[in-house]
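These are the residues of each chain, in order.
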Amino acid sequence: MTKVVGVRFRQVGKIYFFAPGKYSVETGQHIIVETARGVEYGQVVLGEREVEDTAVIQPLKAIIRIATPEDDERELKNREKKHLRYVLRRLQSIILT
């Protein structure tokens, strides 16, 4: 059996498993983890639990750290920028048609 936590990187999306390592995290907490895309900010959606070794791809990456208020602020600013770019693209396409 392997201890895991379930993490999402978007509000609705796939749940990825990470090893809790030395951290005790609860559902709803934000954490920083290493993924194939680099270091990412995610939210714990499934608390710590044990699953069969065959249910996860080994080796599991561990949580780097629990997110700080600065991480939360940085993530909010990144989301705002992405949303603004989307709105500007939509407005530009409406104006040009």
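Structure shown above.
Computed from a prediction, not measured in an experiment: that's the story for all the values here. What you see as residue numbers is a count from 1 along each chain, following the sequence as written. In keeping with the predicted nature of the model, local features appear solely for residues at pLDDT of at least 70, side-chain atom pairs appear and are counted solely at 80 or more, and the whole-chain, interface and lining totals rest on all residues. Side-chain measures here rest on the full set of heavy atoms in the structure, leaving out hydrogens and waters.

**Student:** What am I meant to see in the environment of proline 69 here?
**Tutor:** Secondary structure elements follow DSSP: runs of H or I of four or more residues count as helices, runs of E of two or more count as strands, with numbering from the N terminus. Relative to the helices and strands, proline 69 is located in helix 1 (residues 69-96). Once the C-alpha coordinates of proline 69 and histidine 30 are considered, the two residues, 39 residues apart in sequence, prove to be 9.8 Å apart.

**Student:** In this structure, what is going on with the layout of surface pockets? I would like to understand it.
**Tutor:** In this approach, a probe sized like a water molecule rolls over the atoms, and the result shows the empty space that is left. Both cavities and pockets are sets of points on a 1 Å grid over the protein atoms alone; in a cavity a 1.4 Å probe fits but cannot get out, in a pocket the set is open with protein on both sides within 12 Å along at least five of seven lines, and lining residues sit with an atom within 4 Å of a point. Grid points are joined across faces, edges and corners, and a volume is the space filled by probe spheres set on the points. What the largest pocket holds in volume is close to 1,000 Å³. Phe9, Tyr16, Thr35, Arg37 and Glu40 are the residues nearest the centre of the largest pocket, which is lined by 29 residues in total. Counting residues per element, the ones that place at least two in the lining of the largest pocket are strand 2 (16-18), strand 3 (30-35), strand 4 (38-51) and helix 1. The biggest single contributor to the lining of the largest pocket is helix 1, with five residues. We call Asp, Glu, Lys and Arg charged. Ala, Val, Leu, Ile, Met, Phe, Trp, Tyr, Cys and Pro are nonpolar, and the rest, Gly among them, are polar. The class makeup of the residues in the lining of the largest pocket is 14 nonpolar, five polar and 10 charged. Volume-wise, the second largest pocket comes out at about 180 Å³. Lining the second largest pocket, in full, are Arg8, Phe9, Arg10, Gln11, His30, Tyr41, Gly42, Gln43, Asp72, Glu75, Leu76 and Arg79. Only strand 4 and helix 1 provide two or more residues apiece to the lining of the second largest pocket. If you tally residues by element for the lining of the second largest pocket, the top one is helix 1, at four residues. Considered class by class, the residues forming the lining of the second largest pocket number three nonpolar, four polar and five charged.

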